[in-house]
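# What the coordinates show
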Amino acid sequence: MTTRTARGLSALVAAGAILAAVPACRGGGMPAETRRWLAHVKYLSSDAMRGRQTGSPEHRTAAQYVAAQFEELGLQPGAGEGFLQPVGFIARRVREKDCALDLVFGDRVVPLTLGEDATLQMSVDSDSLLEAKAVFVGYGLSVPEAGYDDLAGTDLTGKIAVLLQGGPSAVKEPLRSYAQSTGARWSRLHEHGAIGLVTISNPHHSDIPWLRGASQRFSPGMVLADSTLDERRGQRLGVSFNPDRANKLFEGTPHNMAELLALADSQVTLPVFPLVPKIRARVHYDRETLESQNVVALLPGSDPALKDEIVLLTAHLDHLGVGAPVAGDSIYNGAMDNASGVAALIEIARALTKAPKRPARTVAFVCVTGEEKGLLGSRYFTDHLPMRRDRVIANINLDQVRPLFPLKLMTAIAVDESTLGDTIRAVAGGMGLRIQADPEPWRNLMRRADNWSFMQIGVPATGFVLAPEKDTPDDAAYKEWYARRYHTPLDDLDQPWVPSAAAAFNDFFGRLVAALANAERRPQWKAGSEYAKPSR
Ligand SMILES: [Zn+2]
């Protein structure tokens, strides 16, 4: 199943070349590498790309642009005969006027307002009509390995589970993060008989305020067309509940949100109790099948003994498309999320092909689709690897390369899980950069990016956050970015950014890839790591 890169490649390469030649408004004194990186970011995040929605014609154009860049650099097609790996999706778009969500008490029905009280998750193949009893299941986690079980002794047969996002400190990272992943959590709830899931986010820990998330609800939800890869199999209702309105669910019980949030913030066990009302949902959506593209290119290794081993680099190409307007702008350009990461992959490919000696191992460049829909492109890719799995020795994922302030510190995802972390620290140290483990594991960054798909098949993987020092102006800029720009149309190239930080990161990334591709030994999981054995 491969597709040759379509026509018009040379025109796209030419477009890139023209952009590269035009000095950016703030591009004055930038080094050539940074100017080239910026040219890709500009092209991919331009309004003409309309936010690179998964399955859109503009995403296809973006994929062809990236493929053309790789081809121009002399890389080999990595998806069989071509650079593009087609991925089938089912898209669902809510028809909200035909939908309803109610709390059914013995003597009355309390209708909920969609968008304000709750939203229907289109990533779930919901029943058109469902009414069931509901149980608050705490964090909804069952982690026998850690001696922790919210679900012990609770019969959820035919019921809807209601949970508060998060996890107890009794379960240590990274197991806690793993247990909260969509697939791991739902499979345990489903084993206990649950048929639906209502999720209440913890407003103290979420990167997206309720209103912004709710304004996205008309954007299509997607699943892979191959239903065997659906992590929500068996789920017949999916609801996100506004934490500010969640007391409606708890009416008639001795519990309330303030109490539950206080417990969750101190990471202790939450109570498990039945809700008084039943939950009734009427769900209708428009359905469409779509195809989108992963882009796969290879730079063959130069060492006959090592070239069968592959250092695999990823960055997601898709973003959120066109959606609810913010300040009159409805195009979600996704400049930092993640045109910046894709651009870095193209430029590292250029640097490696132009180097006097090619790396010993093969380097694979994979730009995946469907990330914003739940890591779907990388999930498909790791299930349809165009190479043998044991040949893939490491995955480095770039997501949101975000040069908002001078680069001094980076968070490296899963840095203590494998010897990848040792190489990362050595390379960074040599450049005077510091590396830290994730200081905010409750945000679950580890399983919110495509490195997660590779960890699930047992490949040592990591990703980076250009991190601020705590309680500095950089920290304020970082938080401000999440508060104002993350997943909004304001993530475009009109935002302030620091060219020297982009240059430093790209330099670090190049050195890291070279170090891994030339190292004597391949990376290994550390003893006792949860990820040493694949979970699928
Ligand atoms: Zn994103």
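Whatever comes next refers back to the structure up there.
Residues numbered from 1 in each chain as written. Predicted model: local features only at pLDDT ≥ 70, side-chain atom pairs only at ≥ 80, totals over all residues. Heavy atoms only, no water.

A few words now on the coordination of the zinc ion. Donor atoms from the polypeptide that coordinate the zinc ion comprise D337 (OD), E372 (OE), E372 (OE) and H487 (NE2), at 2.0 to 2.5 Å from the metal. Around the zinc ion sit 4 donor atoms; with metal-centred angles ranging over 55 to 143°, the donor geometry is irregular. Spacing between the donor residues of the zinc ion along their common chain follows D-x34-E-x114-H. Residue D337 is located in helix α9 (residues 335-354), and its partner H487 is located in the loop between α13 (473-484) and α14 (499-518); the two are separated by 150 residues in the primary sequence. (Donors = N, O, S within 2.8 Å, 3.2 Å for Na, K, Ca; no water. Tetrahedral: all angles 85-135°; square planar, octahedral: opposite > 155°, others 65-115°. Helix = DSSP H or I, 4+ residues; strand = E, 2+ residues; numbered from the N terminus.)

Each pair of packed helices gets described by two things: the angle between the helix axes and the distance between those axes. Contact geometry of helix α3 (residues 57-72) with α9 gives a least axis separation of 10 Å together with a crossing angle of 10°. Taken together, the axes of α3 and α9 lie roughly parallel to each other. In terms of crossing hand, the pair formed by α3 and α9 is right-handed. Note on element contacts: α9 touches α3 through V342, L345, I346, A349 and R350, opposite Y65, V66, Q69 and F70. Broken down by class, the residue content of the contact of α3 with α9 amounts to 7 nonpolar, 1 polar and 1 charged. (Axes fitted to C-alpha atoms, helices over the stretch in contact; angles between N-to-C directions. Parallel < 35°, antiparallel > 145°, perpendicular 65-115°, else oblique. Left-handed = near helix turned anticlockwise from the far one by under 90°. Contact = heavy atoms within 4.5 Å. Nonpolar A, V, L, I, M, F, W, Y, C, P; charged D, E, K, R; others polar.)

Further remarks concern the pattern of salt bridges. Evaluated as defined, the whole model comprises 33 salt bridges. Put simply, E131 and K278 hold a salt bridge, and the shortest N to O gap is 4.0 Å. With a gap of 147 residues between them, E131 in strand β6 (residues 129-132) and K278 in strand β15 (residues 278-282) connect regions that are remote in the sequence. For E131, a relative accessible area of 39% corresponds to the partly exposed category. The salt bridge involving K408 is made with D474; its shortest N-O contact spans 3.7 Å. (Salt bridge = Lys/Arg side-chain N within 4 Å of Asp/Glu carboxyl O. Buried < 20%, exposed > 50% of the residue type's maximum accessible area, 1.4 Å probe, protein only.)

Once that is clear, we can look at the sheet that holds strand β7 (residues 134-136). Across the sheet, 6 strands lie side by side as β5-β13-β11-β10-β7-β14; this open sheet has mixed pairing. A strand with exactly one partner marks an edge of an open sheet, and here the two such strands are β5 (118-120) and β14 (273-274). Of the strands in this sheet, β7, β10 (160-164) and β11 (196-200) touch helix α8 (residues 257-265), which is tilted by about 60° from β10. (Pairing = 2+ DSSP bridges.)

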